[in-house]
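# Structural characterization, general
Each chain, written out:
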Amino acid sequence: MIKTISKAATLLQDGEVVAIPTETVYGLAANAFNDEAVAQIFQIKNRPLFNPLIVHIKSIEYLDVVATNIPPIAYQLAHTFWPGPLTLVLEKKSNVSTMVTSGKNTLGVRMPSHPVALALLKQLDFPLAAPSANPFGYISPTTSEHVRSQLGDKIPYILEGGSCERGIESTIVGFDGNKPILYRVGAISNEEIESCIGKLTVINTASANPEAPGMINKHYSPRTKFVVSEQIAEVVLENVNRNVGFLFFKNENFSLPSSRYIELSDTKNLVEAASNLYAAMHRLDQMNLDVIYAEKFPDKGLGITINDRLHRAQEENFEMNITL
Ligand code: TXA
Ligand code: MG
């Protein structure tokens, strides 16, 4: 492991792009202080330049190197949730390339908790800009194999870190003065954040307007047609004999062959379901099904995050020849 981390560090020091594990999803990382290295991330992912990247740092103290005018509640959040799956949007310092922030003067930044990511960051004297390591618009990778099958021929190295424990992207919080604003629901539930700093203002993250920070809609989509259903029992009955697959929270006694469905948590645990979501979507997408029907989750805790990702997957299916 030490050898592989050093290999990744050397490549990153040379301005290369390397896939790295984090506790949320695998990231496509480059030196956040090196414009040319960061430009390659956009190119490899086919990502539009207006969609800013998240910067990964090795410690809370390092925040001062990349951000300024940091509000007190941002520190409160960092001390509560870092290292971990929370991204803070803060005023950036000039050493961070505007390539990373897509010309904005704000910066998304987080300290990851994955031990391999942290060990790597500690070997470097720069932070790592890293979006999720998937082609733009496709499902995020939660194993090195997902990265290999999607981008393996485009990057010199994938640092192995096992399956991502959280399996879903970080929650993104920004600030208007000392007022917290939720930009993206993620691995930390809104309730957890609110219990730390009080009521969050939620901005419309469903907006496709690139001027609005947060996310664009066309994200997380499998290539197979993907439909979210609030009446999954009826949909199962209607489709038993068709070439369709199902994504369940738990299979509530539907008699289907095991090759036709995946359940995300047999104990109906939302944290477990979130951690299994993308791997299940990847698997279903490889099964040559005509349609994937996903059960809508309860609108509480991480169920809100899971529903957000399911709806984005449904929104617009990924097109192979996307040109941006
Ligand atoms: O869990 C995660 O956050 C993973 C791992 C690799 O850390 N990264 C990730 O990156 O999900 P990505 O690029 O797939 O999503 C980053 C999101 C984008 O939707 C972007 O719009 C938002 O972060 N973002 C980045 N900088 C921002 C800023 N200054 N203001 C608002 N949103 C920002
Ligand atoms: Mg992404």
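Residues numbered from 1 in each chain as written. Chains lettered and ligands numbered in written order. Predicted model: local features only at pLDDT ≥ 70, side-chain atom pairs only at ≥ 80, totals over all residues.

## Considering the UniProt feature "domain: YrdC-like" (unreviewed entry) in the protein
The condition is simple: UniProt positions are given in the numbering used here, feature names are shortened, and annotations may be inferred rather than shown by experiment. Runs of E in the DSSP output that reach at least two residues are strands. Runs of H or I that reach at least four are helices, and both are numbered from the N terminus.
Feature annotation in UniProt places "domain: YrdC-like" (unreviewed entry) on residues 2-188, given in this structure's numbering. The straight-line gap between the two end C-alpha atoms of residues 2-188 is 30 Å; of that span, 29% is helix and 22% is strand.

## Brief notes about the domain arrangement of the protein
Quick reminder of the rule: A domain assignment, automatic or from a database, supplies the domain bounds used here. Whether two residues are in contact is decided by their C-beta atoms, placed from the backbone, lying within 7 Å. Throughout this entry, Asp, Glu, Lys and Arg are counted as charged residues, while Ala, Val, Leu, Ile, Met, Phe, Trp, Tyr, Cys and Pro are counted as nonpolar. The remaining residues, Gly among them, count as polar.
Per the domain assignment, the segments of the protein are domain 1 (2-202) and domain 2 (225-315). Spacing between the C-alpha centres of domain 1 and domain 2 amounts to 28 Å. In this assembly, 16 residues from domain 1 lie in contact with 15 residues from domain 2. Tallied by class, the residues present in the side of domain 1 that touches domain 2 amount to 5 nonpolar, 8 polar and 3 charged.

## Quick look at the pairing of strand β6 (residues 106-110)
This is how it is decided: Buried means a residue has 20 or more other C-beta atoms within 10 Å of its own C-beta, exposed means 12 or fewer, and partly exposed covers the counts in between; C-beta atoms are placed from the backbone. Only strands that DSSP links by at least two bridges are regarded as paired with each other.
Burial analysis of β6 places 4 of its 5 residues in the buried class, the great majority of the element. Strand direction decides the pairing type here: strand β3 (residues 54-56) and β6, joined by 3 bridges, are parallel. Paired with Val55 across the bridge in β6 is Val109. Looking at chain direction, strand β5 (residues 86-92) and β6 are connected through 4 bridges and run antiparallel. When the sheet's bridge partners are listed, Glu91 is paired in β6 with Thr106.

## Things to note about the pairing of strand β9 (residues 171-176)
By the criterion of burial, β9 is predominantly enclosed, with 5 of the 6 residues buried. Two strands pair when backbone bridges link them, and β5 and β9 are joined in this way by 3 bridges, in the parallel orientation. Each bridged residue has a counterpart across the sheet, and for Leu88 the counterpart in β9 is Val173. Note that β9 and strand β10 (residues 179-184) share 5 bridges and pair antiparallel. In the strand pairing of β10, Gly174 is matched with Ile181.

## A word on the UniProt feature "binding site: ATP" (unreviewed entry) in the protein
Annotation from UniProt places "binding site: ATP" (unreviewed entry) at Arg47, Asn51, Thr106, Ser132, Ser140, Arg184 and Tyr220. Positionally, Ser132 belongs in the loop between β7 (128-129) and α6 (144-151). A tally of 25 C-beta atoms within 10 Å means that Ser132 is categorised as buried. Setting aside its immediate chain neighbours within four residues, Ser132 contacts Val25, Gly27, Ser140, Pro141 and Glu169. As for its placement among the helices and strands, Arg184 is situated in strand β10. Here Arg184 falls in the buried class, since 20 other C-beta atoms lie within 10 Å of it.

## Overview of helix α5 (residues 115-123)
Under the convention used in this document: By arc we mean the arc of the directions from the helix axis to the C-beta atoms, nothing more.
Within the sequence span of α5, burial applies to Val116, Ala117, Leu120 and Leu121. The buried residues of α5 occupy an angular sector of 135 degrees when projected down its axis, which confines them to one face. Among the structural elements, α1 (2-13), β1 (18-20), β3 and β7 are those in contact with the buried residues of α5.

## Here's the deal with the sheet that holds strand β13 (residues 244-248)
Rules: To define axes, lines are fitted to C-alpha atoms, for helices over the stretch in contact only, and angles between the resulting N-to-C directions are given on a 0 to 180 degree scale.
If you walk across this open sheet you meet the 4 strands as β12-β15-β13-β14, and the pairing is parallel. The open sheet terminates on both sides in strands that have one partner only, identified here as β12 (225-229) and β14 (261-263). Each neighbouring strand pair of the sheet contributes to a mean axis angle of 15 degrees, computed without reference to strand direction. Of the strand pairs in this sheet, β12 and strand β15 (residues 291-295) are connected by 5 bridges, and their pairing is parallel. Residue pairing in the sheet places Val228 in a bridge with Ala294 of β15. The sheet strands contacting helix α8 (residues 232-239) are β12, β13 and β15, and the helix crosses β15 at an angle near 155 degrees. Across the sheet, helix α10 (residues 302-315) is in contact with β12 and β15; its angle to β12 comes to roughly 135 degrees.

## Quick notes on the packing of helix α9 (residues 270-285) against α10
Just so we agree on the cut-off: The scheme is simple: roughly parallel for angles under 35 degrees, roughly antiparallel for over 145, roughly perpendicular for 65 to 115, oblique for anything else. In this scheme the crossing of two helices becomes right-handed for a clockwise turn of the near helix relative to the far one and left-handed for an anticlockwise turn of less than a right angle.
Direction vectors running N to C along α9 and α10 enclose 20 degrees, while the axes themselves pass 9 Å from each other. By the angle between their axes, α9 is roughly parallel relative to α10. Read as a crossing pair, α9 and α10 show a hand that is left-handed. Mapping the contact onto sequence places Leu270, Val271, Ala273, Ala274, Leu277 and Met281 in α9 and Leu302, Gly303, Thr305, Ile306, Arg309 and Ala313 in α10. Split by residue class, the contact of α9 with α10 holds 9 nonpolar, 2 polar and 1 charged.

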